[in-house]
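Okay, here's what each chain looks like letter by letter:
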Amino acid sequence: MKKLIIGSIALLLAGAAPASADVMEQVKQRGTLVVGVKADYKPFGFRDPSGTVVGIEPDLAADVAKRLGVKLELVPVVASNRIEFLNQGKIDLLIATMSDKPERRKSVLAVDPQYYSDSVNVLMNQKAKYAKWEDLKGKTLCATSGSFYNKDVAEKYGVQIKAFDGSDKPLFALKQGECIGYLYDQTFVQGKLLDDEWKSGFYMPLPGILETPWIMAVKNGEDAFQKFLSETTLDWFKKGTVIDEEKKWGIQPTDYSQRMHDKYKG
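Definitions and limits used
Residues numbered from 1 in each chain as written. Predicted model: local features only at pLDDT ≥ 70, side-chain atom pairs only at ≥ 80, totals over all residues. Heavy atoms only, no water. pLDDT = per-residue confidence, 0-100. Contact = heavy atoms within 4.5 Å. Helix = DSSP H or I, 4+ residues; strand = E, 2+ residues; numbered from the N terminus. Phe/Tyr/Trp six-rings, centres within 6.5 Å; stacked < 30°, edge-to-face > 60°. Buried < 20%, exposed > 50% of the residue type's maximum accessible area, 1.4 Å probe, protein only. Lys NZ or Arg CZ within 6 Å of the ring centre and 35° of its normal. Disulfide = S-S within 2.5 Å. Pairing = 2+ DSSP bridges. Axes fitted to C-alpha atoms, helices over the stretch in contact; angles between N-to-C directions. Left-handed = near helix turned anticlockwise from the far one by under 90°. Nonpolar A, V, L, I, M, F, W, Y, C, P; charged D, E, K, R; others polar. Salt bridge = Lys/Arg side-chain N within 4 Å of Asp/Glu carboxyl O.

S.K.: Give a detailed account of the confidence of the model for the chain, specifying residues and quantitative values.
M.R.: Scored by pLDDT, the chain has a mean of 91; 92% of the residues are at 70 or more. Here residues 1–19 is a poorly scored stretch, pLDDT under 50, and it has zero contacts once near neighbours within four places are set aside; other chains count.

Laid out in structure tokens, this is it:
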């Protein structure tokens, strides 16, 4: 009898516990979608003169909010806190230049197909006249510490890597002549070349290499939200939305964006 009573109490308590809420339904009830984006990565997410976060990814976030029929709130994130913010519930969705890596897929629920793909390139001093990666053998490139491609580029092309924390220090070193170029994400390089500070005296003469897809992400277990976002991504590819965004913000459409549009537009 005692075991029966204890079992009955356990069942009652289990029934009284609230079920895990669906984030997409929470967003609709709240009337606001909270999205983590970059605020320091032009043109994907950056602050305009008024301080408002704008760019390609804020625009994509706005489209998601429109499809859900809710308002949009943007939360600036950086590489070191973006997954933490998502898993802590500070944001509902992450669209923040996040490369698709196996260890990240263990921490979050990735949205497939990937909405974007970036390559590696070099912001180069125009005094350095090189058109092929092979021509860089023995030359020094500034880089950001911890970038996964530093070792690969050094080994394959015989360049010397001079790494610094963050992006400001290697950019400063480039200006000081400590290297012929800054090895980093191609989209970041293209964004820099939109700025008056860099458009004169610097360029991007090499083809992009080591293409790496980017993922949107939601919390693990949010399968319904993931499905909705997958369908949204396919619609972006079909309509050429990402290509239009790239052109709007002044960068050349990537091969990936064009391939996905060609694949799904029919």
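S.K.: Hey, could you go over the environment of Gln160 for me, with residue numbers and the actual values?
M.R.: Relative to the elements of secondary structure, Gln160 occurs in strand β10 (residues 160–164). In this structure the C-alpha to C-alpha distance between Gln160 and Leu210, which are 50 residues apart in sequence, comes to 18 Å. Excluding anything up to four places from it in sequence, Gln160 contacts Gly138, Lys139, Thr140 and Leu141.

S.K.: For the packing of aromatic side chains, give the residues involved together with the corresponding values.
M.R.: Scanning the model with the defined rule gives 15 aromatic pairs in all. Arranged with centres 6.0 Å apart and planes meeting at 85 degrees, the rings of Tyr41 and Phe44 form a pair that is edge-to-face. Neither residue differs from the other here; Tyr41 and Phe44 are each classed as buried. For the ring pair Tyr116 and Trp214, a centre distance of 5.0 Å and an interplane angle of 45 degrees mean the geometry is tilted. Linking Tyr116 in strand β8 (residues 116–125) with Trp214 in strand β13 (residues 209–214), this pair joins segments that are 98 residues apart in sequence. Residue classification places Tyr116 among the buried positions, given a relative accessible area of 1%. Classification of Trp214 as buried rests on a relative accessible area of 1%. Among the aromatic side chains, those forming a connected cluster through ring pairs are Tyr41, Phe44, Tyr115, Tyr116, Tyr182, Tyr184, Phe188 and Trp214. Lying over the aromatic face of Tyr203, Lys129 brings its terminal NZ or CZ to 5.7 Å of the ring centre. Sitting over the ring of Trp198, Lys175 keeps its end group 4.6 Å from the ring centre.

S.K.: Quick one: what's the story with the state of the cysteines, residue by residue and with numbers?
M.R.: Under the definition given, this model contains one disulfide. A disulfide bridge connects Cys142 with Cys179, and the sulfur atoms are separated by 2.0 Å. Looking along the S-S bond of the Cys142-Cys179 disulfide, the torsion reads about -105 degrees, which is the left-handed sense. Note that Cys142 is positioned in strand β9 (residues 140–144) and Cys179 in the loop between α7 (168–175) and β11 (181–185), a separation of 37 residues in sequence. Both residues of the pair, Cys142 and Cys179, belong to the buried class.

S.K.: Just give me the short version of the environment of Met98, but keep the residues and values in it.
M.R.: Along the chain, the position of Met98 falls in the loop between β6 (93–94) and α5 (102–107). Given a relative accessible area of 0%, Met98 falls into the buried group. Along the chain, Met98 and Gly51 lie 47 residues apart, while their C-alpha atoms are 23 Å from each other. For Met98, the contacting residues outside a window of four places in its chain are Arg82, Ile83, Arg104, Val108, Pro213, Trp214, Ile215 and Ala217.

S.K.: Can you lay out the sheet that holds strand β2 (residues 40–41) for me, pointing to particular residues and giving the numbers?
M.R.: Taken in spatial order, the three strands line up as β2-β3-β4 in an open sheet, and their pairing is antiparallel. The two strands at the open ends of the sheet, each matched to only one other strand, are β2 and β4 (53–54). Summarising the sheet, β2 and strand β3 (residues 45–47) pair through two bridges and their orientation is antiparallel. Note that in β3 the partner of Asp40 across the bridge is Phe46.

S.K.: Residue-level account of the packing of helix α3 (residues 56–68) against helix α10 (residues 223–239), with values.
M.R.: Each pair of packed helices can be summarised by the angle the axes make with each other and by the distance between the axes. Between α3 and α10, the least distance of the axes is 11 Å, while the angle of their chain directions is 115 degrees. When the axes of α3 and α10 are compared, the crossing they make is right-handed. Contact residues: Leu60, Asp63, Val64, Arg67 and Leu68 in α3; Phe225, Phe228, Leu229, Thr232, Asp235, Trp236 and Lys239 in α10. For the contact of α3 with α10, the residue count by class is seven nonpolar, one polar and four charged.

S.K.: Which residues make up the pattern of salt bridges, and what are the values?
M.R.: Two side chains with opposite charge may pair up if their charged atoms get near one another. Under the criterion given, the structure shown has 15 salt bridges. Of the charged contacts in the structure, one is a salt bridge between Asp235 and Arg67, with a shortest N-O distance of 2.8 Å. Note that Asp235 is positioned in helix α10 and Arg67 in helix α3, a separation of 168 residues in sequence. Several salt bridges share partner residues, and in doing so they unite Asp63, Arg67, Asp235 and Lys239 into one network.

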